[in-house]
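In case you want the letters, here they are:
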Amino acid sequence: MIISIYALKNGMIRVVQQSLLGSILSNMLLVLGCAFFAGGLAHPNRDQVFNKASAVVNSGLLLMAVLGLMFPAVLHFTHSEAHYGKSEVSLSRFSSCIMLVAYASYLFFQLKSQRSLYSPIGEEEESTEDEEDEKEIAQGEAISWLFVLTIWISILSGYLVDAIQGASESLNMPLAFISVILLPIVGNAAEHASAIMFAMKNKLDITLGVAIGSSTQISMFVIPFCVVIGWMMGEEMDLNFQLFETATLFITVLVVAFMLQEGTSNYFKGFMLILCYLIVAASFFVHVDPKSSDNK
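Cut-offs applied
Going along each chain's sequence as written, the residues are numbered from 1 onward. Thresholds applied to this predicted model are a pLDDT of at least 70 for local features of residues and 80 or more for the giving and counting of side-chain atom pairs; totals over whole chains, interfaces and linings are not thresholded and use all residues. In computing side-chain properties, one takes all heavy atoms of the structure into account and sets aside hydrogens as well as water. Per the convention used, a helix needs a DSSP run of H or I reaching at least four residues, while a strand needs a run of E reaching at least two, with both numbered from the N terminus. Only protein chains enter the calculation, and the probe is 1.4 Å; a residue is then buried if its accessible area is under 20% of its type maximum, exposed if over 50%, and partly exposed in between. The contact criterion used throughout is that any non-hydrogen atoms of two residues lie within 4.5 Å. Residues belong to a common nonpolar core when they are buried Ala, Val, Leu, Ile, Met, Phe, Trp, Tyr or Cys residues joined through side-chain atoms within 4.5 Å. Under the convention used throughout, the expected extent of a helix is 1.5 Å for every residue step, that is, one less than its residue count. The seven residues ending at a residue and the seven starting there each receive a fitted axis; the angle between those axes is the bend at that residue. UniProt positions are given in the numbering used here, feature names are shortened, and annotations may be inferred rather than shown by experiment. The term polar contact refers here to a pair of N or O atoms within 3.5 Å; inside protein, the definition further demands a hydrogen-donor-capable atom paired with an acceptor-capable atom, and it admits residues adjacent in sequence only when both atoms are side-chain atoms. By convention in these notes, a salt bridge is any Lys or Arg side-chain nitrogen within 4 Å of a carboxyl oxygen on Asp or Glu. Comment: axis = line fitted to C-alpha atoms, over the contacting stretch for helices; angle = value between 0 and 180 degrees taken between N-to-C directions. Gly counts as polar in this scheme, as do all residues outside two lists: the nonpolar Ala, Val, Leu, Ile, Met, Phe, Trp, Tyr, Cys and Pro, and the charged Asp, Glu, Lys and Arg.

Relative to the assigned elements, Thr 246 resides in helix H10 (residues 242-260). With a relative accessible area of 6%, Thr 246 lands in the buried category. Those residues in contact with Thr 246, other than ones at most four positions away along the chain, are Leu 69, Met 70, Ala 73 and Phe 241.

This part takes up the nonpolar core. General note: in soluble globular proteins, nonpolar side chains tend to be found buried as a group. Membership of the largest hydrophobic core comes to 59 residues, with the highest contact counts inside it found for Leu 32, Leu 249, Leu 260 and Phe 284. Ranked by residues supplied to this core, first place goes to helix H2 (residues 13-42) with 14 residues. When sequence neighbours within four positions are dropped, the list of residues in contact with Leu 260 reads Leu 32, Phe 36, Phe 50, Ala 55, Ser 59, Leu 208 and Ile 212.

Residues that lie three or four places apart on an α-helix share one face, since the helix turns once every 3.6 residues. For H2, which comprises 30 residues, the first-to-last C-alpha distance of 42 Å matches the rise-based estimate of 44 Å (1.5 Å per residue) to within 8%. At Ser 26, H2 shows its maximal bend, which comes to roughly 40°. Counting buried positions along H2 yields 27 of 30 residues, so the element is predominantly enclosed.

In this section: unusual backbone geometry. Phi at Asn 202 is positive, roughly 65°, even though this residue is not glycine. Positionally, Asn 202 belongs in the loop between helix H8 (189-200) and helix H9 (204-233). Look at Asn 202 and you get partly exposed, because its relative accessible area is 23%. Despite not being glycine, Gln 242 has its phi angle at roughly 70°, a positive value. With respect to the helices and strands, Gln 242 occurs in helix H10. Its relative accessible area of 5% is what places Gln 242 among the buried residues.

Right, let's talk about the UniProt feature "transmembrane region" (unreviewed entry) in the protein for a bit. In the numbering used here, UniProt assigns the "transmembrane region" (unreviewed entry) feature to residues 20-43, 55-78, 90-109, 142-161, 173-199, 206-233, 239-260 and 267-288. Helix makes up 86% of residues 239-260 and strand 0%, whereas the separation of the span's terminal C-alpha atoms amounts to 27 Å. Between the end C-alpha atoms of residues 267-288 the distance is 34 Å, and the span holds 86% helix and 0% strand.

Let us look at helix H3 (residues 52-77). With 26 residues, H3 extends 37 Å between its outermost C-alpha atoms, agreeing within 8% with the 38 Å of an ideal straight helix rising 1.5 Å per residue. N-capping of H3 is provided by Asn 51, with a side-chain oxygen placed 3.0 Å from the backbone N of Ala 53. Remark: His 79 follows H3 within two positions and exhibits a positive phi of approximately 55°.

On the secondary structure map, Val 256 appears in helix H10. For Val 256, a relative accessible area of 2% corresponds to the buried category. Spatially, the C-alpha atoms of Val 256 and Met 28 are 6.9 Å apart, while their sequence positions differ by 228 residues. Residue contacts for Val 256: discarding those within four places in its chain leaves Met 28, Leu 29, Leu 32, Ile 212 and Leu 273.

What follows deals with the pattern of salt bridges. Taken as a whole, this structure holds two salt bridges when the rule is applied. Between Arg 14 and Glu 245 there is a salt bridge whose closest N-O contact spans 2.7 Å. With a gap of 231 residues between them, Arg 14 in helix H2 and Glu 245 in helix H10 connect regions that are remote in the sequence. Lys 269 is paired through a salt bridge with Glu 262; the nearest N and O atoms lie 3.5 Å apart. Residue class for Lys 269 comes out buried when judged on its relative accessible area of 10%.

For the rest of this paragraph, the subject is the packing of helix H7 (residues 175-187) against helix H11 (residues 267-285). Between H7 and H11, the least distance of the axes is 7 Å, while the angle of their chain directions is 145°. Residue-level inspection shows Ala 176, Phe 177, Val 180, Ile 181 and Ile 185 of H7 in contact with H11, the latter providing Tyr 277, Ala 281, Phe 284 and Phe 285. By residue class, the composition of the contact of H7 with H11 is nine nonpolar, no polar and no charged.

See below:
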């Protein structure tokens, strides 16, 4: 979100769109795939089990996000706008507000209304083990470190955004590949490591919270929030992610939804997700981002 807001201030709307899309793809395919693969190797004799209800709800929200991203793109490329160049922006802003309402409702549903539905499987059995774990850091220290690191990341984000175009030219790589593949891999390194660690400890619900939960948060909160922030800044940030990116996200959500529908995981499912991510990465390496008519 910090990188996105800084890029919006500089009018780099396509970088914002592609980096957020890349974070979703990275979390759903690479992070979740590596976690399933490592967890399956750590527990080779049985499938690991996670809360199916939570996975189904997150899959539904991701499909809703695809719905919000698809119609502005279809509206633009079918040339069926009532007011060319303005209708897709208006639709994006309206859809973003609806998505923010949906995400707020999801938080209330998850944390208040149906809290017991999202209890991790085996929580009672592991309660005694969790009680024995000592706190490594106090709450005040955690908040202080979070505040300091947020400021530091804000400073680094400026240098990162300014260096993207030069890196694309010097490395002879498409800007889309850097924004969608390389940036999210670096940015999600901590999430990647934690998801694998929890999967190897057979805590798949936490792994899904890290991978799928983050994807849901980005698609249903961060992307609509950036549209609203761009609206306030006077930037025409919209949900038109171009057909190639939108189709990639749609297929990815479908693949992951099918992988999660049984409520179990193993190393083979993880391996398949990793291979899917390699295909996606190769696709963006040969993909040339089209120059849109509004100079986004």
